[in-house]
Amino acid sequence: MTYSQPETNAATVARDPEAIIIAKGVHKRYDNDFHVLKGISLTVNKGEVVVLMGPSGSGKSTLIRTFNGLEPYQEGKIEIDGTEISHNQKGIELIRREVGMVFQQFNLFPHLTILKNVTLGPIHLKGLSQDDAEAQAMELLERVGIAPQANKYPGQLSGGQQQRVAIARALAMEPKVMLFDEPTSALDPEMVREVLDVMRKLAQSGMTMVCVTHEVGFAREVADRIIFLAEGELVTDTTPDKFFNNPEEERIKQFLSQILH
Amino acid sequence: MEYSFDFSVIADNFGLLLSGAWLTLKMSLLAIAFGLIIGVIGSLFRTSGNPLLNGIALAYVEVIRNTPYLIQLFFIFFGLPSLGLTLSAEQAAILSLAINFGAYSTEIVRAGVESISKGQIEAGLAIGFKKLAVFRHIVIPPALANVYPALIGQVILAVLFTSVVSQIAAEDLTYAGNYLNSRTFRSFEIYFTIALMYLAIVWIVKALAYLIELRFFEFAKYRK
């Protein structure tokens with residue numbers, strides 16, 4: 001699979017400089033004229049783990065949702081692995097197969113068993129046989145520690161388990177990038193760790209990840225870069241060490257004092 | 001009371017009643033199956049966000065739900081031959097019942113579709129499914145489960161509606177009863193028996209609906 005590169009320490013490995021997400025001057029306004037993204041430019045390279053942080057309303061979730069075309073934008077340009085995402089474009093679903101997404105609310109399909117949640121995409125979109133798709137799904141469920149629950153329905157699982165299934169479901173499409181939109185925000189505190197552990201392992205395997213999260217421990221340990229947004233603008237794009245230990249901007253200091261209590 | 005009951009008319013003609021009951025059940029099941037397909041497509045149109053498709057489905061629902069079923073039946077059986085489309089009584093009955101049930105089920109299924117969270121749809125899109133495939137694989141199954149009780153209520157009404165088709169001489173259970181009544185005038189015995197037979201048919205349909213629920217909507221009991 002594309003993400004199973006040799007295990008290395010994510011923090012020290014030399015990064016492949018090849019860009020996989022390129023955003024240039026992205027503007028988004030809602031219908032009521034609220035200007036949520038004000039000219040965001042950034043690049044994510046293959047194998048990087050980028051954490052997006054910022055106060056609520058800063059546009060970080062909106063930004064991550066533009067990377068797979070769930071959120072249209074009005075100006076600027078976004079390229080995923082060399083293919084431009086433009087509005088209502090035909091073939092957007094081909095790009096989405098390359099970009100996995102994990103949502104705050106898990107969004108598992110309630111009418112399908114855990115196993116079928118994971119095999120739905122590969123069977124219908126990649127043409128895998130049921131046997132092959134199930135073998136692949138069981139391997140992924142094993143990795144996220146949910147294999148024993150394969151034949152249960154989502155409603156029978158805890159939030160943390162559901163979110164781990166959601167990660168397996170996204171990985172089943174063998175994406176080049178994984179987007180995480182506040183993956184632990186809807187979880188009870190005791191379930192946050194099990195999800196972060198899965199994300200940490202995924203990062204160590206070399207997966208390119210963009211995560212919107214407030215989990216400081218995860219960001220410090222796993223992220224290669226922290227991008228801080230405020231009021232729709234990219235304030236800084238820096239290393240976790242610099243971001244948490246020597247923030248320059250007043251807005252970042254204020255934000256950190258709020259989330260670190 | 002002067003009247004002496006004589007149910008021998010039922011026993012003597014039970015074969016006739018049974019063949020009428022069989023036609024009633026057959027017409028009901030076919031009309032419900034076709035009507036449900038219409039309802040799913042209608043709900044797709046109603047929720048598509050496309051003004052033309054929505055308009056077509058809305059006009060269909062408005063016309064069918066706000067005109068008498070008997071008139072719809074007469075229009076299809078007696079009216080359409082003027083356009084060169086002549087149907088047998090049985091065909092006209094099934095077609096009109098399907099069109100009628102389709103309009104009601106369009107609105108019921110639409111309510112189910114609208115009960116599915118945007119997050120489910122986004123999850124389907126994010127995997128790479130096209131909109132239509134999201135509707136088919138991700139929206140419709142839980143949508144049907146959510147409105148299943150309302151749908152079954154309408155299904156039962158559709159079964160009972162079939163008694164109207166005796167008016168165009170489709171030889172259903174009501175037709176068989178009317179036929180026997182006109183020959184024997186044993187109205188009490190005949191319509192009492194027919195009512196019981198309708199009850200039995202509805203029970204059969206409900207039992208089928210329950211089996212479908214067990215087979216396809218097992219997940220529903222695990223939802224919060």
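Residues numbered from 1 in each chain as written. Chains lettered and ligands numbered in written order. Predicted model: local features only at pLDDT ≥ 70, side-chain atom pairs only at ≥ 80, totals over all residues. Heavy atoms only, no water.

Time to look at helix H9 (residues 173-184) of chain B. All names here are of chain B. Its 12 residues place the ends of H9 16 Å apart at the C-alpha level, agreeing with the 16 Å of an ideal helix rising 1.5 Å per residue. What H9 keeps buried is the set Leu173, Thr174, Ala176, Gly177, Leu180 and Asn181. Viewed along the axis of H9, the buried residues span an arc of 160 degrees, placing them on a single side of the element. In this structure, the buried side of H9 is in contact with helix H2 (14-46) and helix H10 (187-216). (Helix = DSSP H or I, 4+ residues; strand = E, 2+ residues; numbered from the N terminus. Expected span 1.5 Å × (residues − 1). Buried < 20%, exposed > 50% of the residue type's maximum accessible area, 1.4 Å probe, protein only. Arc of directions from axis to C-beta. Contact = heavy atoms within 4.5 Å.)

Here we take up the pairing of strand E3 (residues 49-53) of chain A. Residue and element names in this part refer to chain A. Of all five residues in E3, five are buried; the element is thus mostly enclosed. Of the two faces of E3, the one lined by Val49, Val51 and Met53 and the one lined by Val50 and Leu52 are each fully buried. Note: E3 against strand E8 (residues 208-212), four bridges, orientation parallel. Residue leucine 52 lies in a different strand from E8, and its bridge partner there is valine 212. As defined by bridge partners, E3 adjoins strand E9 (residues 225-230) across four bridges and the pair is classed as parallel. (Pairing = 2+ DSSP bridges.)

We now examine the UniProt feature "domain: ABC transmembrane type-1" (unreviewed entry) in chain B. UniProt annotation of "domain: ABC transmembrane type-1" (unreviewed entry) refers to residues 21-209 of chain B when read in the numbering used here. When the span residues 21-209 of chain B is considered, its composition is 81% helix and 0% strand, and the gap between its end C-alpha atoms is 19 Å. (UniProt positions renumbered as here; feature names shortened; annotations may be inferred.)

As a further point, take empty space enclosed by the protein. If you walk through the whole model with that rule in mind, you get one cavity of 30 Å³ or more. For the largest cavity, the calculated volume is near 90 Å³. Lining of the largest cavity is provided by 13 residues; of these, Gly100, Met101 and Ala170 of chain A together with Ala126 and Ile127 of chain B occupy positions nearest its centre. Of all the elements in the fold, those that place two or more residues in the lining of the largest cavity are helix H2 (92-98), strand E6 (99-102) and helix H5 (159-171) of chain A together with helix H6 (118-127) of chain B. Taken together, the residues that form the lining of the largest cavity break down as nine nonpolar, one polar and three charged. (1 Å grid on protein atoms, 1.4 Å probe; cavity = no way out; pocket = protein on both sides within 12 Å on 5 of 7 lines; lining within 4 Å. Points joined across faces, edges and corners; volume = space filled by probe spheres on them. Nonpolar A, V, L, I, M, F, W, Y, C, P; charged D, E, K, R; others polar.)

Pairing between the strands of a sheet comes from backbone hydrogen bonds, and it takes one of two forms, parallel or antiparallel. Residue and element names in this part refer to chain A. Spatially, six strands are ordered E6-E7-E8-E3-E9-E10 in an open sheet, and the strand pairing comes out mixed. Unpaired on one side and paired on the other, E6 and strand E10 (233-238) mark the two borders of the sheet. Averaged over all neighbouring strand pairs, the angle between strand axes comes to 15 degrees, with direction disregarded. Strands E6 and strand E7 (177-181) of the sheet are contacted by H5, whose axis makes an angle of about 170 degrees with E6. Contacting E3, E7 and E8, helix H6 (residues 189-204) runs over the sheet at an angle of about 145 degrees to E8. (Axes fitted to C-alpha atoms, helices over the stretch in contact; angles between N-to-C directions.)

Residues and elements named next belong to chain B. Following the UniProt record, one finds the feature "transmembrane region" (unreviewed entry) at residues 29-49, 69-87, 147-170 and 190-212. A distance of 32 Å separates the end C-alpha atoms of residues 29-49, which is 86% helix and 0% strand. Within residues 69-87, the helical portion is 58% and the strand portion 0%, while the C-alpha atoms at the span's ends are 17 Å from each other.

Tallying the contact residues gives 24 residues for chain A and 21 residues for chain B. Together, the buried faces of chain A and chain B total about 2100 Å²; carbon and sulfur atoms form 66% of this surface. In terms of surface lost to chain B, no three residues of chain A exceed Phe109, His111 and Tyr153 of chain A, which account for 26% of the buried area on that side. Those elements that place two or more of their residues in the side of chain A that touches chain B are H2, E6, helix H3 (114-125) and H5 of chain A. With four residues, H3 of chain A is the largest single contributor of residues to the side of chain A that touches chain B. (Buried area = accessible area lost by both parts, 1.4 Å probe.)

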